[in-house]
Amino acid sequence: MVAAAPSPPYSVLLAEDDPGDAMLVTEAFLARGLGQEVETVADGVEAMAYLHDPALRKPDLIILDLNMPRMDGRETLAAIKADPALRSIPVVVLTTSEAPDDVSASYQLHANAYVCKPQELDEFFGAIRAIDGFYLELARLPGHQAP
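Residues numbered from 1 in each chain as written. Predicted model: local features only at pLDDT ≥ 70, side-chain atom pairs only at ≥ 80, totals over all residues. Heavy atoms only, no water.

Undergrad: Run through helix H3 (residues 73-82), naming residues and quoting values.
TA: Where H3 is concerned, the buried positions are Gly73, Thr76, Leu77, Ile80 and Lys81. The buried residues of H3 all sit within an arc of 125° when viewed along its axis, so they share a single face. Looking at the buried positions of H3, the neighbouring elements they touch are helix H2 (44-52), strand E3 (61-64), strand E4 (91-95) and helix H4 (100-108). Its side-chain oxygen 3.0 Å from the backbone nitrogen of arginine 74, aspartate 72 forms the N-cap of H3. (Buried < 20%, exposed > 50% of the residue type's maximum accessible area, 1.4 Å probe, protein only. Helix = DSSP H or I, 4+ residues; strand = E, 2+ residues; numbered from the N terminus. Arc of directions from axis to C-beta. Contact = heavy atoms within 4.5 Å. Polar contact = N/O pair within 3.5 Å; in protein donor to acceptor, adjacent residues only side chain to side chain.)

Take a look at the structure:
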């Protein structure tokens, strides 16, 4: 049984500086057709500006790359989790780094999950589908009614 999309639509903020990866992540979310809205920013500075813009709805999920220019994912994660208005938003780190120090540091900064970007396209799409399925179909998000 597939759960219906929550109302209002499930929204994702993707902080990713690689245009190719951003396109793949967006395509993988939208391919499921479950009411997701994906907004993309290129770095942590843009992510924080988006999150603090009172005209924009807060996302239900943040997907965050670690290695970005200006303000990297570690700094962005720390800023999100230090802000009482943002800290309840789940943050999934999606990165190429498999370094144990990066994994540990991300969880110490209160990341909700750490996912290494698979190199194979099918595995990449599978990872995004798994993230999407967990946060849309299984986990309860603040502000959403049960299906």
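Following the structure, the description resumes.
Undergrad: If you had to explain unusual backbone geometry to someone new, which residues and values would you point to?
TA: Even without glycine at this site, arginine 70 takes up a positive phi of about 60°. Mapped onto the elements, arginine 70 comes out in the loop between E3 and H3. Residue histidine 110 is not a glycine yet carries a positive backbone phi of 75°. Structurally, the position occupied by histidine 110 is in the loop between H4 and strand E5 (113-116). Judged by its relative accessible area of 53%, histidine 110 is exposed.

Undergrad: Before we move on, can you summarise the environment of glutamate 27 with the specific residues and values?
TA: Within the secondary structure, glutamate 27 sits in helix H1 (residues 19-31). A residue is classified by how much of its surface remains accessible, and glutamate 27, at 39% relative accessible area, is partly exposed. Spatially, the C-alpha atoms of glutamate 27 and valine 38 are 9.4 Å apart, while their sequence positions differ by eleven residues.

Undergrad: Tell me what's going on with the side chain of threonine 76, and back it up with residues and numbers.
TA: The residue threonine 76 is located in helix H3 in this model. When its relative accessible area of 0% is taken as the criterion, threonine 76 is described as buried. Within the structure, threonine 76 has its side chain in polar contact with the backbone oxygen of aspartate 72 (distance 2.8 Å).

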